Amino acid sequence: MNKTNKIIGVDIDGYIADPLDKKDRHKYWLSKPRKDMIEKVNKLYENRNIIIYHTGRAPIYYTETFAWLIKNGCKFHALRMAKLNADFFLDDKNANIEDLL
């Protein structure tokens, strides 16, 4: 499989950010980054793949989410506040990132 030049959708919550407790459900600035996963996704970016972070968060959290990605060193081409069409999805429920590296 060609491991470059793919559109890769990457979920945020539960994949590159630890899930929040229910009491903090919408306090996304409290999300703890999963640095190991961020580094792997950044490697996909550096290997000339298109990285699109996507999340089920409400659109009103776009600016906060974008700032969180930048603050935590995430390299990406776009952020969508909805699920998207992509060659691969990386989230806490399916694809293995190791298959793409």
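In this report, the structure presented in the accompanying data block is examined. A quick note: this is a predicted structure, and the numbers were derived from the prediction, not measured.

### Here's the deal with the packing of aromatic side chains
- Scanning all chains against the criterion turns up 4 aromatic pairs.
- Their ring planes at 75° and their centres at 5.7 Å tell us that Tyr 53 and Phe 76 sit as a pair that is edge-to-face. Of this pair, Tyr 53 sits in strand β2 (residues 50-54) while Phe 76 sits in the loop between α2 (62-71) and β3 (78-80), and the two are 23 residues apart along the sequence. Each of the two residues, Tyr 53 as well as Phe 76, counts as buried.
- Here the aromatic rings of Tyr 62 and Phe 66 are separated by 6.0 Å at their centres, their planes lie at 25°, and the arrangement is stacked. Of this pair, Tyr 62 and Phe 66 both sit in helix α2, separated by 4 residues, roughly a single helical turn.

### Examining helix α1 (residues 35-46)
- The first and last C-alpha atoms of α1 sit 16 Å apart over 12 residues, in line with the 16 Å expected at 1.5 Å per residue.
- Three or more residues of α1 are buried, namely Met 37, Ile 38, Val 41, Asn 42 and Leu 44. All buried residues of α1 fall inside an arc of 155° around its axis, so they share one side.
- Positive phi shows up at Arg 48, right after α1, with a value of about 70°.

### Here's the deal with the side chain of Arg 57
- Assignment of secondary structure puts Arg 57 in the loop between β2 and α2.
- At 2.7 Å, the side chain of Arg 57 and the side chain of Asp 13 are in polar contact.
- Ignoring anything within four residues of it in the chain, the contact list for Arg 57 reads Ile 12, Asp 13, Tyr 28, Ser 31, Thr 65 and Met 81.

### What about the pairing of strand β1 (residues 7-11)?
- A large share of β1 lies buried, amounting to 4 of its 5 residues.
- The pairing of β1 with β2 spans 5 bridges and is parallel. Residue pairing across strands places Asp 11 opposite His 54, the latter belonging to β2.
- At this point the chain moves from β1, through α1, to the parallel β2, and the crossover so formed is right-handed.

### Considering α2
- Where α2 is concerned, the buried positions are Thr 65, Trp 68 and Leu 69. The arc enclosing the buried residues of α2, seen along the axis, measures out at 100°, which places them on a common side. Of the residues in α2, the exposed ones pointing more than 90 degrees away from the buried face are Thr 63, Ile 70 and Lys 71.
- In the core, the buried residues of α2 are packed alongside α1, β2 and β3.
- The first or second residue beyond α2 is Gly 73, which carries a positive phi of 75°.

Definitions and limits used
- Residues numbered from 1 in each chain as written.
- Predicted model: local features only at pLDDT ≥ 70, side-chain atom pairs only at ≥ 80, totals over all residues.
- Heavy atoms only, no water.
- Phe/Tyr/Trp six-rings, centres within 6.5 Å; stacked < 30°, edge-to-face > 60°.
- Helix = DSSP H or I, 4+ residues; strand = E, 2+ residues; numbered from the N terminus.
- Buried < 20%, exposed > 50% of the residue type's maximum accessible area, 1.4 Å probe, protein only.
- Expected span 1.5 Å × (residues − 1).
- Arc of directions from axis to C-beta.
- Polar contact = N/O pair within 3.5 Å; in protein donor to acceptor, adjacent residues only side chain to side chain.
- Contact = heavy atoms within 4.5 Å.
- Pairing = 2+ DSSP bridges.
- Right-handed = clockwise from strand over helix to strand, strands pointing away.

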